[in-house]
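Results of the structural survey
Residues per chain are reported as follows:
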2 protein chains.
Amino acid sequence: MTQLNELARIVGDSYVLTGDDAQPYLVDWRGRYTGAALAVARPGSTDEVAQVVKWCVANGVPMVPQGGNTGLCGAATPDGSGAALVLSLGRLNRIRAVDVDNDTMVAEAGCILQSVQQAARDADRLFPLSLAAEGSCTIGGNLATNAGGTQVLRYGNARELALGLEVVTAQGEIWHGLRGLRKDNTGYDLRDLYIGSEGTLGIITAATLKLYPLPVAQCTALLALNSVSDAVALLSVARKGFGAALTGFELIAGDCLKLVNKFYPQQRLPFEGESAQLPWYALLELSDSESAEHARERFETIVGEALEAGLVVDAVIAENISQSKALWHLRESIPLAEKDAGKSIKHDVSVPVSRMAEFIDNTNAAVRQRFPGIQHVIFGHLGDGNLHYNIARGEGLSEGRLLSWQDAVYEVVHDNVHRLGGSISAEHGVGQLKRDVLPRYKDAVEMALMRSLKQALDPRGLMNPGKVLVG
Amino acid sequence: MTQLNELARIVGDSYVLTGDDAQPYLVDWRGRYTGAALAVARPGSTDEVAQVVKWCVANGVPMVPQGGNTGLCGAATPDGSGAALVLSLGRLNRIRAVDVDNDTMVAEAGCILQSVQQAARDADRLFPLSLAAEGSCTIGGNLATNAGGTQVLRYGNARELALGLEVVTAQGEIWHGLRGLRKDNTGYDLRDLYIGSEGTLGIITAATLKLYPLPVAQCTALLALNSVSDAVALLSVARKGFGAALTGFELIAGDCLKLVNKFYPQQRLPFEGESAQLPWYALLELSDSESAEHARERFETIVGEALEAGLVVDAVIAENISQSKALWHLRESIPLAEKDAGKSIKHDVSVPVSRMAEFIDNTNAAVRQRFPGIQHVIFGHLGDGNLHYNIARGEGLSEGRLLSWQDAVYEVVHDNVHRLGGSISAEHGVGQLKRDVLPRYKDAVEMALMRSLKQALDPRGLMNPGKVLVG
């Protein structure tokens, strides 16, 4: 315990947690991963983070950096050995600066995403990263996992929203890389190496983030479609017709809307008759720099052309903000209704947009053949080629039997993804969850390069060991 | 020469050049750097590149990868020792695939940028990277140096335009990373590490590039301004008012337009009287997804507001494509007129947009005080914080005297850039030109991290030695 005393001197007594106090940091929020730790340290500044890392290095203690603990792959949960220190960044939660003229903000790693969004809005700016966990996830975690979300089509992933980083290296040095520049070609891109490395190469302590103008108006439309191929053709028409004003293009299987309707009958589907029975729907969002009227007019023009071309069967364009919200609410209710229906087997995959129809057709057939009685719950961000391809139990299939198939289902789906040049983790990362299957889908050269980088930046292997790569 | 025979067996006799045949590959296009080489190899495929690299490794021969040889920092020119092999990628010049539905293209490293743009246009798509050397530079070189250009404000640098890479590593292995995915979180970002590394970590042999819809119309306006501060405020208004349709925002000092007028009097300035005498001008470009009329209307609305707010003194909005071209031609004639006026000392720098006025004021004063008789030629991409801050000789100052100040001028300008959080190389890279001053402007931690990465990926130090980092 002398060791921990030293740690307490660095961060303060009340910020070294053990026993029950440490417990919430040792389980991921879904309760899928449980670990043990020497202690949890909650440093209050970048300097303290650096000192804690140096302490870990001196004592050979592995470190597990943790943000809002909302990750989905177990990257922020320690292993069961109890040897590691959980290094929680939650107290580094200051917005250090907002530079309106430069359209940038410097936020510390522990800032909750929602507070970053709010600080941008307070300055009449948009920080466009947006995802379900935004009320509790942190920007440091978002960057460590290169989070995606709902507006990637227009603004990119977390990676594209960071101009600079401050990082504590695995040696406990501080890299002062908080540059707010759109152009800087002075050497290797350290920034993008740390982003998405899930805390295995160093600890992101702050970031310079890109801000955008707030859109003047937003408008949403729900379109009923005959096929995924039509959705892909419609995406092309929409990208051409709306340009960068197109900020959302979600694909939704008809079965998903029926599921929502079953569990939330108060949510009215905006279609009737045949249009309510189609296999696919697309939810489009425009962010307009002119006016709500202009956004609606643009929708009417482009959707009108798509109707005439036979790409769209029926369409509802929101007439006001509350209608727009109701359409989005349908989409957001899908995961909730899915949960109400019981456990399911989820996939976070991407394929080239051009292979989407082929992927869905082939994979559906393969899954149905091998796993009788299942039901598909398919929705996602078509504009990014990102699909939530989920498998639920149909009537007459027990939850136990469905879940017993989990690894086999993963393999069928991921093999299909891989065959079409896709990714087995589009948004959520690798963590512990996909670490062991990664070598099945990445060539040996890439795995070897990744190991070389890990060895170069963390030669002692103390940074979040056992995540992304086998420790 | 047995060695070279082996090389000839790999790439074919006629593709190993020595003596006079090798000469064009040993001098950069501006004639600033001249080197020597064992030979020049021109492999015709990725496999041949890999075999050549393996041959180099086996024989301890350093490699200098070369694209269109249009770089500005000497990164593609070998040193004078004659020990290195120049590895020219020019024969890898196939567009391997255009995937219209996925908005991607796979191009080999040796494709001329203009041919990549053309292949995109042939598929009714835009590849937005555009720069002065586009008729002879290659996409491989663009990626190796993370080229910028005129549309970074909207589409980003070369880095942001590549989704995947094929790379021959320093060991001669092939990394098959040609993924066409907008979302992929399966491990470390190797792509962005190779991009911008100037051939010092491996050789990019092909890339999966992002395509965009072609804009329906483009429209340009030239605005006369009282100050850089007003230009910065105008940028904010324009970003808000035009959204992502704003594809260009160039800042031009009034002196630059006078210089153009002096050497090309047939180029009419579109202003008269007081408006022709203002210290600053801004050239704005809109890429519209609706129509030329809509673009003009938007310009009239937003520029009208800026005139009323006093941010803009006078404005000319192009009424047709030829007027738009004439306005751009004024901007493009600045470097030509600058050249006609004699040699000058050029800087490729960036600072946060919010520090632009301060940078120009302070640096102008410092330069004027220490180097009497000089004249400023200042223009650049304000939207990216990127300035071509050039120093020419005024009347009565000799070219010789001006050039004798070169290193001292660099230091004054770069010190000011650094003090304001800027970059001493916004677009062009480091190469040989800025290698030795880099440690002055980067902290020791960052330099050490860069050396660790170099050591990890190129432990023998054979990949373009002496570029970016001291060999």
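Residues numbered from 1 in each chain as written. Chains lettered and ligands numbered in written order. Predicted model: local features only at pLDDT ≥ 70, side-chain atom pairs only at ≥ 80, totals over all residues. Heavy atoms only, no water.

1. Quick word on the packing of aromatic side chains
Counted under the stated rule, the structure contains 12 aromatic pairs over all chains. Directly above the aromatic system of Tyr15(A) lies the positively charged group of Arg91(A), at a separation of 3.3 Å from the ring centroid. (Phe/Tyr/Trp six-rings, centres within 6.5 Å; stacked < 30°, edge-to-face > 60°. Lys NZ or Arg CZ within 6 Å of the ring centre and 35° of its normal.)

2. Details of the environment of Val64(A)
All names here are of chain A. Positionally, Val64 belongs in strand E3 (residues 63-66). Separated by 233 residues in the primary sequence, Val64 and Glu297 place their C-alpha atoms 51 Å from one another. Not counting the four nearest positions on each side in its chain, Val64 is found in contact with Ala75, Ala76, Thr77, Pro78, Ala84, Leu85, Val86, Leu87, Asn464 and Lys467. (Helix = DSSP H or I, 4+ residues; strand = E, 2+ residues; numbered from the N terminus. Contact = heavy atoms within 4.5 Å.)

3. Section: the confidence of the model for chain A
Summing up the model confidence of chain A, the mean pLDDT is 96 and the portion of residues at 70 or higher is 100%. Reported confidences for the modelled complex are a pTM of 0.97 and an ipTM of 0.97. (pLDDT = per-residue confidence, 0-100.)

4. Structural notes on the side chain of Asp230(A)
The residue Asp230(A) is located in helix H8 (residues 228-242) in this model. When residues no more than four places from it in sequence are discounted, the contact partners of Asp230(A) are Gly310(A) and Leu311(A).

5. Quick look at the relation of the copies chain A and chain B
One copy of the chain maps onto the other through a rotation about an axis followed by a shift along the same axis. The two copies are related by a screw operation: chain A maps onto chain B through 180 degrees of rotation and 0.0 Å of translation along the axis, at an RMSD of 0.0 Å. Look at the turn and shift together and you get a two-fold axis relating the two. (Least-squares fit on C-alpha atoms with pLDDT ≥ 70 in both.)

6. Re the pairing of strand E6 (residues 104-108) of chain B
Residues and elements named next belong to chain B. Counting buried residues along E6, five of its five residues qualify, which places the element largely inside the surrounding structure. Of the two faces of E6, both are covered, the one formed by Thr104, Val106 and Glu108 as well as the one formed by Met105 and Ala107. By the bridge criterion, four bridges tie strand E5 (residues 95-99) to E6 in an arrangement that is antiparallel. Counterpart to Asp99 in the pairing with E6 is Thr104. Joining the antiparallel neighbours E5 and E6 is a turn of four residues, in which Asp103 adopts a positive phi near 55 degrees. (Buried < 20%, exposed > 50% of the residue type's maximum accessible area, 1.4 Å probe, protein only. Pairing = 2+ DSSP bridges.)

7. Thoughts on the sheet that holds strand E14 (residues 280-288) of chain B
All names here are of chain B. Read across the sheet, seven strands follow the order E15-E12-E14-E13-E17-E18-E16 without closing on themselves; strand pairing throughout is antiparallel. Of all strands in the sheet, those bounded by a partner on one side alone are strand E15 (314-317) and strand E16 (348-350). Taken over all neighbouring pairs, the strand axes of this sheet differ in orientation by 20 degrees on average, direction set aside. The sheet contact formed by strand E12 (residues 217-225) and E14 spans nine bridges and is antiparallel. Each residue of the ladder has a partner; that of Leu223, found in E14, is Ala282. This element, helix H8 (residues 228-242), spans E12, strand E13 (246-253) and E14 of the sheet and lies at about 170 degrees to E13. (Axes fitted to C-alpha atoms, helices over the stretch in contact; angles between N-to-C directions.)

8. Brief notes about the packing of H8(A) against helix H12 (residues 356-370) of chain A
All names here are of chain A. In contact at an axis separation of 8 Å, H8 and H12 are set at 160 degrees when each is read in the N-to-C sense. Viewed along their axes, H8 and H12 adopt a mutual orientation that is roughly antiparallel. Relative to H12, H8 is oriented so that their crossing is right-handed. For the pair H8 and H12, the contacting residues are Val228, Ser229 and Val232 in the first and Met356, Ala357 and Ile360 in the second. Each residue belonging to the contact of H8 with H12 can be placed in one class, and the counts come to five nonpolar, one polar and no charged. (Parallel < 35°, antiparallel > 145°, perpendicular 65-115°, else oblique. Left-handed = near helix turned anticlockwise from the far one by under 90°. Nonpolar A, V, L, I, M, F, W, Y, C, P; charged D, E, K, R; others polar.)

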